[in-house]
Amino acid sequence: MEAEPNKFAQFRASFVRRLIFIASACTTRNVIATVLLYGALPISRVGAVSNAWLELETAGPTRVYLVDSTGTAKTPQNGLAYHKGQEDHFIVPGRMTIELPSGHYRVHAERGPEHRPVTVEFNLRAGERRHVRLHPTRWIDMNARGWYSGDLHNHHNVDEIPTLLIAEDLNLTPTLVDWVWEDSQRSESPTTDAPIRSVDAHHVYSVLDKEVERLVEGPGAVDLLGLHSPIPFQGYRLYPPNTVFTEAAHGEGGYVDAEKIVWRDIPALVALGQIDFAGIVYNHFNRQGVELETDSWGMIPKWRTEFHTKAGMPLWAMEVYYHFLNCGFRLPVSAGSASGVKEAPLGYNRVYVHLKEPFSYAAWFRALKAGRSFATNGPFLFLIVAGLEPGATIKTRPGKKLRVRVEAKSLRALDRLEVIYRGRVIRSFQHHNRRGDLVGTFEFAPPTDGWLAARVFEKPSRTIRFSHTSPVYLDLATPTTAAEDAKFFLEWIDREMHFYQASAAFRRDADRVLMLDFFAKARPIYERMTR
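Residues numbered from 1 in each chain as written. Predicted model: local features only at pLDDT ≥ 70, side-chain atom pairs only at ≥ 80, totals over all residues. Heavy atoms only, no water.

**What to know about the overall build of the protein**
Step number 1: What the protein contains, in helices and strands, is 9 helices and 31 strands.
Step number 2: Scored against the burial criterion, the 531 residues of the protein give a buried share of 60%.
Step number 3: For the protein, the proportion of contacts with a sequence separation of at least 24, taken over those separated by at least 6, is 69%.
Step number 4: Carbon together with sulfur atoms contributes 51% to the accessible area of the protein, which is approximately 21200 Å² in total. (Helix = DSSP H or I, 4+ residues; strand = E, 2+ residues; numbered from the N terminus. Buried < 20%, exposed > 50% of the residue type's maximum accessible area, 1.4 Å probe, protein only. Contact = heavy atoms within 4.5 Å. Areas by Shrake-Rupley, 256 points an atom, 1.4 Å probe, with all protein chains shown as cover.)

Set out below in structure tokens:
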């Protein structure tokens, strides 16, 4: 039985449905204000027999999950919703009324990791109109501390981004609308003279970014960010090498993110100076769990048994990262969720960057390139060495002690907080209070040149939540050997060269030669490190 069964009420409800649909693709304040004004009306059904009404109220765009007593997701017919695998949520723009069958329900609201989630359970009776207020409250204000968040791997439609940035309390994201998948262009870049767009003073996004993703026997995936003009794709899965695209991106002032540091061609790209950021917190980590399968996608083999477990999956990429740092490559950490194609909301995996100037798209990327960052899908992590933050270089001498302070903060229980020097744990802290905060201080005298970084893990659950800082670099004018680290990459490069030498997937012999030459150019760089 419909509530308010008169023609005016039916017209009014129809009108609101149209407004919600428009608001999902529009960020102008007048449209959103109109939706908020009429939002208390019944505007959406999710059941065949609808005889109760749930009125949701939020302080602004907010990500919401609604399930019934069986755990089945209930998603409104109108508005901005996301369905990928087990990730099933929708955005409440301020007010939304949903028509539901009577029964027991649980509604859960989140606004990114800086806000406390809100969960409410209730019973709906036939004919009832239930009002539920969902206001996740901020427990940490990273912008006030000078830290600004970004998700570098995003496949949402451009029109959705302004609303999602606000809903997720995310400051910045490139939008990989231009996407090469395997042998062909899966989607094209938009035609625009505004490649970088602001929602407001603290939320900005770009729209001409490109992902070249050629997996299995292909070289891997690179994300080209901050572009001002489209970069065309001419080739197929094995041709050309990714340097064709990375050099084009750098040529127009853009950046290259190795969205996973474990793809086939990464050691060659790093050695040739083509990678700006190292993907440590990447799209195999999501709210639902951890994707352990990697071999079938063309990633490097896992050389230890623990890397095949949920807890060991982050350590796999970290160990590769440490080898790069020991070889002297300065790579800041980065993060990306692949929301739009993966089971994660935008900003689930994010990188925080510390700014020393007012926030802007250009300033954020400059600070990320400088290494003032930590990547996370949960805890917040702060490292200070001798008064300096990640990205800094400390000139010191052998035997001089440096004061190290590391702090982790989370709403969930922390498992361990570790400080890493040249790839090995030198301090581990495991005593924490009920809030999940964990602080460690100590003095450390580095024996040679090197680097310090921090990482923290939350207590394991159905997924793995962790954080990793970019390094603080140590200059003692006493270089140490990187021979073993370089051998790791020489073996990697040789394995890939043998693979491509034997591959029958090249369309022309000249294409094979070009790919082999690409790896061959990088090999002497590592060879020199072994001497």
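**Quick word on the nonpolar core**
Step number 1: Among the nonpolar cores identified, the biggest contains 102 residues, and Leu224, Ile261, Phe324, Phe329, Trp364, Phe365 and Tyr526 are the most heavily contacted of them.
Step number 2: Residues within four places of leucine 224 in sequence aside, it is in contact with Asp209, Lys210, Val212, Ile231, Phe245, Thr246, Ala249, Tyr255 and Val256.
Step number 3: Leu381, Val406, Val419 and Leu438 belong to the second largest nonpolar core, which has 31 residues in total. (Core = buried A, V, L, I, M, F, W, Y, C linked by side-chain atoms within 4.5 Å.)

**What to know about the packing of aromatic side chains**
Step number 1: Considering all chains together, one arrives at 37 aromatic pairs under this definition.
Step number 2: Plain terms: the ring middles of tyrosine 322 and tryptophan 451 are 5.4 Å apart, the flat faces sit at 35 degrees to each other, and that makes the pair tilted. Taken together, the positions of tyrosine 322 in helix H6 (residues 313-326) and tryptophan 451 in strand E29 (residues 450-458) put the pair 129 residues apart, joining distant regions of the chain.
Step number 3: For the ring pair phenylalanine 329 and tyrosine 526, a centre distance of 6.0 Å and an interplane angle of 65 degrees mean the geometry is edge-to-face. (Phe/Tyr/Trp six-rings, centres within 6.5 Å; stacked < 30°, edge-to-face > 60°.)

**Remarks on the packing of helix H8 (residues 483-502) against helix H9 (residues 509-529)**
Step number 1: Contact geometry of H8 with H9 gives a least axis separation of 9 Å together with a crossing angle of 165 degrees. If you check the angle between H8 and H9, you find them roughly antiparallel. The crossing of H8 and H9 is left-handed. Of the residues in H9, those in contact with Ala483, Ala486, Phe489, Leu490, Ile493, Asp494, Glu496, Met497, Tyr500, Gln501 and Ala502 of H8 are Arg512, Met515, Leu516, Phe519, Ala520, Ala522, Arg523, Tyr526, Glu527 and Met529.
Step number 2: For the contact of H8 with H9, the class distribution of residues is 15 nonpolar, 1 polar and 5 charged. (Axes fitted to C-alpha atoms, helices over the stretch in contact; angles between N-to-C directions. Parallel < 35°, antiparallel > 145°, perpendicular 65-115°, else oblique. Left-handed = near helix turned anticlockwise from the far one by under 90°. Nonpolar A, V, L, I, M, F, W, Y, C, P; charged D, E, K, R; others polar.)

**Regarding the sheet that holds strand E7 (residues 103-110)**
Step number 1: The antiparallel open sheet is built from 5 strands, whose spatial order is E4-E5-E3-E7-E8. For this open sheet the edge positions go to strand E4 (81-84) and strand E8 (118-124), each flanked by a neighbour on one side alone. Across this sheet, the average inter-strand angle for adjacent strands is 25 degrees, counted without regard to direction.
Step number 2: Pairing analysis gives 3 bridges linking strand E3 (residues 62-68) to strand E5 (residues 87-92), with the strands arranged antiparallel. For threonine 62, the partnering residue across the bridge sits in E5 and is valine 92. (Pairing = 2+ DSSP bridges.)

**So, the packing of H6 against H8**
Step number 1: One way to put it is that H6 packs onto H8 with a least axis distance of 8 Å and a crossing angle of 115 degrees. Between H6 and H8 lies a crossing whose hand is left-handed. Here Val320, His323, Phe324 and Asn326 of H6 come into contact with H8, specifically with Asp485, Phe488, Phe489 and Trp492.
Step number 2: Looking at side-chain class alone, the contact of H6 with H8 contains 5 nonpolar, 2 polar and 1 charged residues.

**So, unusual backbone geometry**
Step number 1: In this structure, the amide linkage connecting tyrosine 239 to the following residue, proline 240, adopts the cis form with an omega of -5 degrees.
Step number 2: Note on placement: proline 240 falls in the loop between strand E17 (220-225) and helix H4 (243-251).
Step number 3: Its identity is not glycine, yet valine 216 carries a phi of approximately 60 degrees, on the positive side.
Step number 4: Relative to the helices and strands, valine 216 is located in the loop between strand E16 (210-214) and E17.
Step number 5: Not every positive phi belongs to a glycine, and alanine 338 is a case in point at roughly 55 degrees.
Step number 6: Mapped onto the elements of the fold, alanine 338 is located in the loop between strand E20 (333-335) and strand E21 (350-354).
Step number 7: Owing to a relative accessible area of 1%, alanine 338 belongs among the buried residues under this scheme.

**Section: the pattern of salt bridges**
Step number 1: By the definition in use, this model includes 37 salt bridges.
Step number 2: Between arginine 264 and glutamate 496 there is a salt bridge, with its nearest N and O atoms 2.7 Å apart. Of this pair, arginine 264 sits in the loop between strand E18 (255-258) and helix H5 (266-271) while glutamate 496 sits in helix H8; the two residues are 232 residues apart in sequence, bridging distant segments of the chain. Grouping residues by exposure puts arginine 264 and glutamate 496 together as buried.
Step number 3: The residue aspartate 276 makes a salt bridge to lysine 369 at a minimum N-O spacing of 2.6 Å. With aspartate 276 in the loop between H5 and strand E19 (277-281) and lysine 369 in helix H7 (residues 361-369), the pair connects residues that are 93 residues apart, well separated along the chain.
Step number 4: Using a relative accessible area of 5% as the deciding quantity, one classes aspartate 276 as buried. (Salt bridge = Lys/Arg side-chain N within 4 Å of Asp/Glu carboxyl O.)

**A look at the environment of alanine 413**
Step number 1: For alanine 413, the position within the fold is in the loop between strand E25 (402-409) and strand E26 (414-421).
Step number 2: The class for alanine 413 is partly exposed, based on a relative accessible area of 36%.
Step number 3: Placed 47 residues apart in sequence, alanine 413 and proline 460 show a C-alpha to C-alpha distance of 9.3 Å.

**Notes on the pairing of E19**
Step number 1: Counting buried residues along E19, 5 of its 5 residues qualify, which places the element largely inside the surrounding structure.
Step number 2: In this fold, E18 hands off to H5, which returns the chain to E19; that crossover is right-handed.
Step number 3: With 3 bridges joining them, E19 and E20 adopt parallel strand pairing. Following the sheet pairing, valine 281 is matched in E20 by alanine 335. (Right-handed = clockwise from strand over helix to strand, strands pointing away.)

**Concerning the side chain of histidine 153**
Step number 1: The topology assignment puts histidine 153 in the loop between strand E10 (147-150) and helix H3 (161-167).
Step number 2: With relative accessibility at 3%, the residue histidine 153 sits in the buried group.
Step number 3: Within the local environment of histidine 153, its side chain forms a polar contact with the side chain of glutamate 211, the two groups lying 3.2 Å apart.
Step number 4: The contacts of histidine 153, once residues within four sequence positions are left out, are Leu176, Glu211, Asp223, Glu259, Asn283, Ala335, Gly336, Ser337, Ala338 and Ser339. (Polar contact = N/O pair within 3.5 Å; in protein donor to acceptor, adjacent residues only side chain to side chain.)

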